[in-house]
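# Structural characterization, general
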Amino acid sequence: EGVGPQEYTLVKLEILDPKPKILAAVVKPVYLVAATLRPETMYGQTNVYLHPDIAYSAFYAGPKEKEVFIATKRAARNLSYQNLTNEFGKVNFVEGLEKVYGKDLLGAALKAPLAAYEKVYALPMLTIKDEKGTGVVTSVPSDAPDDLAALNDLKKKKPLREKYNITDEMVMPYVPIPIIDIPEYGNLAAVTMVEKLKIESQNEKEKLEEAKREVYLKGFYDGIMLVGEYKGRKTADVKKLIQEDLIKKNLAVKYVE
Ligand code: A2H
């Protein structure tokens with residue numbers, strides 16, 4: 001972090017019908033665009049996270065602005081300078097939706113590219129940062145300790161689900177999927193680390209930092225794909241290929257910040 005530009009893959013998760021009330025008037029396809037450094041983990045998506053109290057924007061994007069993206073306004077501005085809106089440096093917001101709080105989008109059903117689950121849901125994560133990526137984080141609890149801790153919180157804490165109108169069916173059926181084998185950590189590296197360090201919630205910042213330090217480097221370099229088109233190959237070697245495949249299919253775009 002803070003060492004020059006970072007390239008993210010923005011993965012497009014299409015919002016399915018029935019859409020959240022606040023999007024009722026939108027006719028073009030609407031996507032939550034999640035910023036990830038690990039496009040090769042998209043096979044393991046179980047949900048997407050939004051911060052309930054962050055303000056997001058809905059704006060026209062993609063080829064001829066035939067699509068609507070949802071991300072923070074800061075990210076929307078940056079995207080307009082990366083040729084992802086029609087006019088360089090200009091963002092066309094959807095009327096009335098320049099400011100939409102995460103809480104008004106929670107519970108939305110989504111189609112997540114490459115995911116084994118046919119449908120996933122938008123769930124709350126309270127550690128999302130406003131000033132990084134798009135403010136939308138796709139969740140891969142097999143390989144990201146933060147994602148697993150937040151999912152476990154929702155499973156364990158009924159009041160947390162109720163506070164944000166999250167039903168049991170949006171959370172309970174979703175379990176981490178083995179997608180990458182990491183020597184010493186097995187095929188559910190985040191689960192191994194969360195158990196080993198006895199991480200009880202998404203707020204255990206220091207323990208989560210430790211879990212991530214261990215798992216990310218190994219997962220990035222020494223992981224072996226267990227699923228998908230590049231099964232058997234190293235994560236470091238297929239990351240770019242999977243990113244390019246997603247972009248070709250109009251399921252992702254590149255984003256630098
Ligand atoms: B990664 P860096 Cl499986 N707030 O994607 C908090 N976290 C955010 C965020 C925000 N606004 N925007 C993106 N992120 C997460 C997958 C993944 C990620 C795996 C393993 C490691 C990993 C699935 N979530 O990140 O500070 C996103 O989670 C390792 C750091 O820019 C994004 O990639 O380095 C990563 O953090 C970007 O973090």
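What you see is a predicted model; the values in this text were computed from it and never measured.

### Some words on the overall build of the protein chain
The helix and strand inventory of the protein chain stands at six helices and twelve strands. For a compact globule of 257 residues, the expected C-alpha radius of gyration is about 18 Å, and the protein chain comes in at 17 Å, within 12% of that figure. Across its three principal directions, the C-alpha atoms of the protein chain cover 50 × 40 × 35 Å. For the protein chain, buried positions account for 51% of its 257 residues. Excluding contacts between residues fewer than 6 apart, the proportion of contacts in the protein chain whose partners are at least 24 apart in sequence is 70%. Of the charged side chains in the protein chain, 38 are positive and 37 negative; the average position of the first set lies 2 Å away from that of the second.

### So, the pairing of strand 1 (residues 7-15)
A large share of strand 1 lies buried, amounting to seven of its nine residues. Across five bridges, strand 1 lies against strand 12 (residues 252-256) in antiparallel orientation. Each bridged residue has a counterpart across the sheet, and for Tyr 8 the counterpart in strand 12 is Tyr 255. The sheet contact formed by strand 1 and strand 2 (residues 30-36) spans six bridges and is antiparallel. Its bridge partner being in strand 2, Lys 12 is matched across the sheet by Val 33. Both strand 1 and strand 7 (residues 109-111) contribute to a ladder of two bridges, which runs antiparallel. Within strand 7, the residue paired with Ile 15 across the bridge is Leu 110.

### As for the packing of helix 4 (residues 189-196) against helix 5 (residues 205-222)
One way to put it is that helix 4 packs onto helix 5 with a least axis distance of 10 Å and a crossing angle of 150°. Read as a crossing pair, helix 4 and helix 5 show a hand that is right-handed. Residues Ala 189, Met 193 and Lys 196 of helix 4 touch helix 5, and the partners they reach there are Ala 211, Glu 214 and Val 215. Residue composition of the contact of helix 4 with helix 5, grouped by class: four nonpolar, no polar and two charged.

### A look at helix 6 (residues 235-248)
With 14 residues, helix 6 extends 20 Å between its outermost C-alpha atoms, agreeing within 8% with the 20 Å of an ideal straight helix rising 1.5 Å per residue. When helix 6 is considered as a whole, its buried residues turn out to be Thr 235, Val 238, Lys 239, Ile 242, Gln 243, Asp 245 and Leu 246. For helix 6, the buried positions fall inside an angular range of 165° around the axis, keeping them on one side. The inward-facing, buried residues of helix 6 contact strand 1, strand 10 (180-181), helix 5, strand 11 (224-225) and strand 12.

### Some details on the pattern of salt bridges
Applying the stated criterion to the full structure yields 16 salt bridges. Of the charged contacts, one joins Glu 7 and Lys 240 as a salt bridge, the two residues approaching to 3.2 Å between their closest N and O atoms. Placement of the pair is Glu 7 in strand 1 and Lys 240 in helix 6, with a sequence separation of 233 residues. Glu 40 is the salt-bridge partner of Arg 38, the closest N and O atoms lying 2.5 Å from each other. Since its relative accessible area comes to 13%, Arg 38 is described here as buried. Assessed through its relative accessible area of 0%, Glu 40 is described here as buried. One salt-bridge network, held together by shared partners, links Arg 38, Glu 40 and Lys 239.

Parameters at a glance
- Residues numbered from 1 in each chain as written.
- Predicted model: local features only at pLDDT ≥ 70, side-chain atom pairs only at ≥ 80, totals over all residues.
- Heavy atoms only, no water.
- Helix = DSSP H or I, 4+ residues; strand = E, 2+ residues; numbered from the N terminus.
- Rg over C-alpha atoms; globule rule 2.2 N^0.38 Å.
- Buried < 20%, exposed > 50% of the residue type's maximum accessible area, 1.4 Å probe, protein only.
- Contact = heavy atoms within 4.5 Å.
- Lys, Arg positive; Asp, Glu negative; His and termini not counted.
- Charge placed at Lys NZ, Arg CZ, Asp CG, Glu CD.
- Pairing = 2+ DSSP bridges.
- Axes fitted to C-alpha atoms, helices over the stretch in contact; angles between N-to-C directions.
- Left-handed = near helix turned anticlockwise from the far one by under 90°.
- Nonpolar A, V, L, I, M, F, W, Y, C, P; charged D, E, K, R; others polar.
- Expected span 1.5 Å × (residues − 1).
- Arc of directions from axis to C-beta.
- Salt bridge = Lys/Arg side-chain N within 4 Å of Asp/Glu carboxyl O.

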